[in-house]
Amino acid sequence: MALSKEQIAQRIAKEVKDGYFVNLGIGIPTLVANFVQKDIEVDFQSENGVLGMGPFPFEGEEDPDLINAGKQTITTLPGAAFVDSAMSFSMIRGQHVDLTILGAMEVSQNGDIANWKIPGKMVKGMGGAMDLVASAENIIVAMMHTNRAGASKLLKDCTLPLTGVNCVKKIVSNLAVMSIENNSFRLLERAPGVSVEEIKNATEGNLIIEGDIPEMIF
Amino acid sequence: MALSKEQIAQRIAKEVKDGYFVNLGIGIPTLVANFVQKDIEVDFQSENGVLGMGPFPFEGEEDPDLINAGKQTITTLPGAAFVDSAMSFSMIRGQHVDLTILGAMEVSQNGDIANWKIPGKMVKGMGGAMDLVASAENIIVAMMHTNRAGASKLLKDCTLPLTGVNCVKKIVSNLAVMSIENNSFRLLERAPGVSVEEIKNATEGNLIIEGDIPEMIF
Amino acid sequence: MINKTVSNVKEACQGIKDSMTFMLGGFGLSGIPENSIAELVRLNVKDVTCISNNAGVDDFGLGLLLQKKQIRKMISSYVGENAEFERQMLSGELEVELIPQGTLAQRCQAAQSGIPAFYTPAGYGTEVAEGKESREFHGKMHLLEKAFEADFAFVKAWKGDAAGNLVFKGSARNFNPNMCGAAKITVAEVEELVPVGTLDPNQIHIPGIFVQRIFQGDKYEKRIEQLTVRKRD
Amino acid sequence: MINKTVSNVKEACQGIKDSMTFMLGGFGLSGIPENSIAELVRLNVKDVTCISNNAGVDDFGLGLLLQKKQIRKMISSYVGENAEFERQMLSGELEVELIPQGTLAQRCQAAQSGIPAFYTPAGYGTEVAEGKESREFHGKMHLLEKAFEADFAFVKAWKGDAAGNLVFKGSARNFNPNMCGAAKITVAEVEELVPVGTLDPNQIHIPGIFVQRIFQGDKYEKRIEQLTVRKRD
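Residues numbered from 1 in each chain as written. Chains lettered and ligands numbered in written order. Predicted model: local features only at pLDDT ≥ 70, side-chain atom pairs only at ≥ 80, totals over all residues. Heavy atoms only, no water.

A. Main features of the pairing of strand S2 (residues 48–51) of chain D. Residues and elements named next belong to chain D. Side chains Val 48 and Cys 50 of S2 all project onto a buried face; the interleaved residues Thr 49 and Ile 51 project onto the opposite face, where all are buried too. Of the pairings in the sheet, the one linking strand S1 (residues 21–24) to S2 comprises 3 bridges and is parallel in character. If you follow Thr 21 over to S2, its bridge partner there is Thr 49. Between the parallel pair S1 and S2, the chain is carried across by helix H2 (residues 34–43), and the sense of this crossover is right-handed. (Buried < 20%, exposed > 50% of the residue type's maximum accessible area, 1.4 Å probe, protein only. Helix = DSSP H or I, 4+ residues; strand = E, 2+ residues; numbered from the N terminus. Pairing = 2+ DSSP bridges. Right-handed = clockwise from strand over helix to strand, strands pointing away.)

Listed below in structure tokens is the structure:
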């Protein structure tokens, strides 16, 4: 069965290693924090200038001067630091952040990503996404494999305005875990109970399928 | 009579206006602080990261973590701030410093300045001087009019490696106050008792002399 | 010490004219110069260009200027959460230039620092690259981006003193320090104006040289955009 | 919180090899990483390139490495006050690249920030401009300057915590913050390692993400180069 958003986040959390500084995008990526192993040390960075983000505050303890990049009230953990926006993007552009997890509307088989604009329809802006995808060595995309009409979002070429080119390394969708390799999606894992055939049908771009494709383990 | 170093500093101090942020170079410029009018507010910046420098410390109160760009122990005044080197040069390069006073080995009639290197002889480095002269809108040079051998240091063209081009606006030497205008030195004031003829003889570059040249008033 | 205090927001905003370019600090509604924005609404200054990461919400922040159609052009990285904004943009009343957030911050910082241009990888290969020079460094393509030019920067700090020294709090810091000294005149409003000498010189985020006018804001609403809490067990 | 502490300077310097490029904080002898320099002397690492505003004095700071002829090249803005330095430079034993101080700071800052290159007016029309691209912005000529690349950055802070967060004191701050995160590995030595959570998150100059290894220095001599005092009346 296809994964829920929580399950996508849960699978991605396995990619988060001890000692990582991690930037989480809005949406599914935000949920990843809930599933990170308890026995490793990870620091969350928010591009509005927070390093060492903690959980949401208890009711009544929210502070308008303390929000994340999604404008949600947050807390910080011991050892946290606040910085200005220029220094925050020094962390990102300077490749000091080890892992970036963000959502996408489309990804192409060469690693292009589109997630900020639907011309004539939705124009919210790219926020920090263009800096993140252009800079990060290690980008994981959290996304649905198909849109509501069932059309693939893993394409030969993106149709929407791009956020970045040749930058996505790994994708965790509701159907599969894939890497980008040789101008193709390489299928690494299937969602439990989802067949290779289903994934193939839901993927417009080249899909490399070699050997047995294991089911995800959480 | 030609001015002493203290008198050069005293004359330059008259150019320091209320509300100015001022950077003082090593040597004569450092002395300027002693002569600034008491009834105006001036802040001294030191390019190693100090804004709001005060006088030298009393004996026994020196702090190795508190020096100026000449590596001398200093104090700070109320309202002072410490910054890192990049921000210190943001003040300079970003033209937030209102007045730069520095020494020179040579100045040419088009406003070029040389003050950092005598090839094969003295190579100490430019420190912050190149940033200062390239950035400041308002540069006053404090210098001797001639070298020890009596040769002019106010030239048609500098002979030493340059620190900056077309940047000097005003010069206060031991003989005269001059501005740079139309590829010439314009004589503005004479040191008390020094004749126009003496200044003319001591100046290799074009010297514009128009009307009566008053003596300096301190 | 050079005194930068003005008595109120009116005095702080002297010299403001139609068609000027403003920088405004804040991320979402956090750390926005509330008092200065209110004065810009009151002055009814028109045709302005605003450089600000976001555009407020319909009834707060820069949304207040949008309602009165005072803004000709917005330069931002993210403008969601604002229906009036979307309407004006889609109808063509409002010109919008969307740029990457890190580029926005660095173009402010460059203006403060006298760096006229710099290279960044953000936006290469996208719409943002249109009309911009690109160049390879270390095998990776970068865009040439230029320092902003603005008439006024409006920033909001937590504490400040008469010298114009500023200290920010939490994530309300964001773009505010980078905009100081990045415009011809920087207006800083603070929650608390403290006596000169009480701020530790080691702990000043922005020294007064980058600030031309400072005043204590009358009041701060500090609205929360996305209140998110967890339950106590 | 990711723990960056190492037990001592030996551990902090693991991986150091001949011919590497180092950044070293400090201005004159103020804020120099004394313990790391002593370890570099002890390790007797050779043919290194040092990026440091100054070169110490004959018997302290980087002068100690010069004495043992460990340095192949210095990249500095000011190298006066060092007779051995002058001797090695004039004899050609030591390669020296002198660059403007603001450019030095900004090339560190650019490396920290992932900005591969930027324009500055400093040095245009001088020896410093030789071999560099120049370009006009706003009617003024500028040089294209590139971010430094270094293997290790050695910085010295006043206080720090296990997360690598740093706080500097007075003018001993200087280049230290700009060098953090500007090399592959940043080693921070501090006068006092304080428990995590005791530094105010608003008042951290450099957050730990820019620091890979941190330790408390055994002792600090903090020599004064130009003791200058005034008489009490």
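B. The arrangement of the sheet that holds strand S6 (residues 106–108) of chain A in detail. Residues and elements named next belong to chain A. Spatial strand order, S7-S6-S11: 3 strands in an open sheet with mixed pairing. Edge strands, defined here as strands with exactly one partner in the open sheet, are strand S7 (113–114) and strand S11 (154–155). With 2 bridges joining them, S6 and S7 adopt antiparallel strand pairing. Directly across from Glu 106, in S7, lies its bridge partner Ala 114.

C. Quick look at the confidence of the model for chain C. With 100% of its residues at a pLDDT of 70 or more, chain C shows a mean pLDDT of 96. For this predicted complex, the interface score ipTM comes out at 0.97, alongside a pTM of 0.97. (pLDDT = per-residue confidence, 0-100.)

D. Structural view of the packing of aromatic side chains. Using the criterion set out here, one finds 8 aromatic pairs over all chains in the structure. With a centroid separation of 5.8 Å and 10° between ring planes, the pair formed by C:Phe152 and C:Phe154 is classed as stacked. In this pair, the class of C:Phe152 matches that of C:Phe154, namely buried. Site record: aromatic cluster; members linked through ring pairs are C:Phe22, C:Phe152 and C:Phe154. Above the ring of D:Trp158, the side-chain terminus of D:Lys159 is found at 4.5 Å from the ring centroid. (Phe/Tyr/Trp six-rings, centres within 6.5 Å; stacked < 30°, edge-to-face > 60°. Lys NZ or Arg CZ within 6 Å of the ring centre and 35° of its normal.)

E. Spatial organisation of the interface of chain A and chain D. Residue-level contacts link 21 residues of chain A with 23 residues of chain D. Between chain A and chain D the total buried area reaches about 1,700 Å² when both faces are included, carbon and sulfur atoms providing 65% of it. Across the contact surface, chain A and chain D share 0 salt bridges. At the junction of chain A with chain D, the criterion picks out 7 residue pairs in polar contact (both at pLDDT 80 or more). Elements with a contribution of two residues or more to the side of chain A that touches chain D: strand S4 (76–82) and helix H3 (85–93) of chain A. (Contact = heavy atoms within 4.5 Å. Buried area = accessible area lost by both parts, 1.4 Å probe. Salt bridge = Lys/Arg side-chain N within 4 Å of Asp/Glu carboxyl O. Polar contact = N/O pair within 3.5 Å; in protein donor to acceptor, adjacent residues only side chain to side chain.)

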